[in-house]
Every structure is written in structure tokens, then in C-alpha cells.
Amino acid sequence: NEAKRAGAKIEKLKKKINYHESMINEESDPSQAQFHSHVAEAERREYKNALGKLRELKGAIEGIQNVIEAGRLKLQKDFDSWYTASQKLSPDQTDSSHEEEDSKTPKLPMSSNPKPTMQQRIPPSTNITESPPSPQQDVRPPPIKDNIPAEFKLPPGIKLTGNKEADDDIIAFFKAKQLLLSRASSIRA
């Protein structure tokens, strides 16, 4: 906002300077020409001050943008590190710290939720004893090859929020991820 005001002031001053300079050339009265010359000079000084202020603002804005970009890169790096570490952990590890986390992680049955959430977009694993979907549910073709166990368990360290809708989305995300990974591994095999 301040930068926009400074830019607008510079444009206004530039127009005034041009006006007074054109009046100097057109004026036949030397006292009027001298008046326009003094006014133009004062406008030039104000113009230079405003331009200096705008340059300072530009430096500050670029500094803030660099801090934001560095923060974004750090966040991306931290996420990538976390994600890589979480991929290296497997649910059947015998490390006691992970077993403790696993015992705290709720085990959730693989079932679709009639509430329209992200979870509905993930087809449940094929099960003969499942009842047919209700008309409210999104009907999807069965997946190519589901290697997801009938009982789904969140990865170690993933905690639910307590907000049902957010938790459903978190669960659906990890189900979808597991489904995609199982499909990718079956395609490679």
C-alpha cells in the first residue's frame, strides 16, 4: 500500500515537472520562466526523495519475499524429510518406541462413510460380506488389485485431531496413499 502511494506520488511529481519545464520554454516573461524553473527544481528534489523512499520499500519488500521463500523451502524440506522417514517405517517393526506409538494409534475398519467426504472417493477393499452401497453413497468400480488389509491402521506418529470430518479426511488420505502404493507395487511385480 505504501509502495503504491509512493509510486503514485512519483507519477504526479513527474507530470508537474514536465508541465513546469514546458512552461519555461513557452514563457516569454523572464520572471514567469524563473518562477517555473524554481518550482520545477523543488519538484525534482521532492521527486528524488520519493524515488529514494520507493527504492527503500522495494528493498524491504524483496527482503520479506526472500524470507518467505526461505521459509517455504525449509517447510518443503522438513516435510520431505518427515515423509521419507515415515515411508521407511513399516507397521510390523519391532522397535519398542514404535510399538508404543502403534498401540496409541487407533485401528479403524475399512468401511465407506455415508457422509460425503474425501473418504467416499476411496473405494473400500472388496469384501463378499459387504452389503450393497446405499443410494446416497458414491458407487465406484472395484479397484484393480487391493492389497490393503481389512483392518486399516494409521502409520506410526500420525495422530487424529478429534474433529470427525478432519479425521475422516486424514484416514481417507492414508487409505488412498496405501492403495496407490499397493497398486504401484503390483504393477511393478
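Look a little higher up for the structure.
In short, a report on the structure. Since this is a predicted model, take the numbers as computed values, not measurements.

Regarding its fold elements, the protein presents four helices and two strands. For the protein, the sequential pattern of α-helices and β-strands runs α-α-α-β-β-α. A sequence separation of at least 24 residues applies to 62% of the contacts in the protein between residues at least 6 apart. A total of about 13700 Å² of accessible surface is found on the protein, and carbon and sulfur atoms cover 56% of it.

What follows deals with the packing of helix H1 (residues 2-26) against helix H2 (residues 30-88). With their axes 8 Å apart at the nearest point, H1 and H2 run at an angle of 160° to one another. Between H1 and H2, the angle is such that the two are roughly antiparallel. As H1 runs across H2, the sense of the crossing is left-handed. Across the contact of H1 with H2, the residue classes break down as 17 nonpolar, four polar and nine charged.

To continue, consider the packing of aromatic side chains. Following the criterion strictly, the structure yields four aromatic pairs and no others. Judged by centre distance (6.0 Å) and plane angle (20°), the rings of Phe79 and Tyr83 are stacked. In this pair, Phe79 and Tyr83 both sit in helix H2, four residues apart, roughly one turn of the helix. Residue Phe79 is classed as partly exposed on the basis of its relative accessible area of 43%. An angle of 50° between the planes, with centres 6.4 Å apart, marks the rings of Trp82 and Tyr83 as tilted.

The next point concerns H1. Taking 1.5 Å per residue as the helical rise, H1 with its 25 residues ought to reach 36 Å, and the 36 Å between its terminal C-alpha atoms agrees with that figure. Residues of H1 that are buried: Ala6, Ile10, Leu13, Ile17, His20 and Met23. Buried positions along H1 lie against H2.

Here we take up H2. Along its 59 residues, H2 runs 85 Å from first to last C-alpha, staying within 8% of the 87 Å computed at 1.5 Å per residue. Three or more residues of H2 are buried, namely Ala33, His36, Val39, Ala40, Glu43, Ala50, Leu57 and Ser86. Where H2 is buried, its residues meet H1.

Right, let's get into the pattern of salt bridges. Oppositely charged side chains are able to pair whenever their charged atoms sit close together. Enumeration according to the criterion identifies eight salt bridges in this entry. Here Glu69 ties to Arg72 by a salt bridge, and the two come within 2.7 Å at their closest N and O atoms. In this pair, Glu69 and Arg72 both sit in helix H2, three residues apart, roughly one turn of the helix. Glu69 sits in the partly exposed class, given a relative accessible area of 35%. Between Lys164 and Asp168 there is a salt bridge, with the nearest N and O atoms lying 3.4 Å from each other. Residue Lys164 and its partner Asp168 are both found in helix H4 (residues 164-188); the two are separated by four residues, about one turn of the helix.

Procedures and definitions
- Residues numbered from 1 in each chain as written.
- Predicted model: local features only at pLDDT ≥ 70, side-chain atom pairs only at ≥ 80, totals over all residues.
- Heavy atoms only, no water.
- Helix = DSSP H or I, 4+ residues; strand = E, 2+ residues; numbered from the N terminus.
- Contact = heavy atoms within 4.5 Å.
- Areas by Shrake-Rupley, 256 points an atom, 1.4 Å probe, with all protein chains shown as cover.
- Axes fitted to C-alpha atoms, helices over the stretch in contact; angles between N-to-C directions.
- Parallel < 35°, antiparallel > 145°, perpendicular 65-115°, else oblique.
- Left-handed = near helix turned anticlockwise from the far one by under 90°.
- Nonpolar A, V, L, I, M, F, W, Y, C, P; charged D, E, K, R; others polar.
- Phe/Tyr/Trp six-rings, centres within 6.5 Å; stacked < 30°, edge-to-face > 60°.
- Buried < 20%, exposed > 50% of the residue type's maximum accessible area, 1.4 Å probe, protein only.
- Expected span 1.5 Å × (residues − 1).
- Salt bridge = Lys/Arg side-chain N within 4 Å of Asp/Glu carboxyl O.

What is shown is where atoms sit, not what they do.
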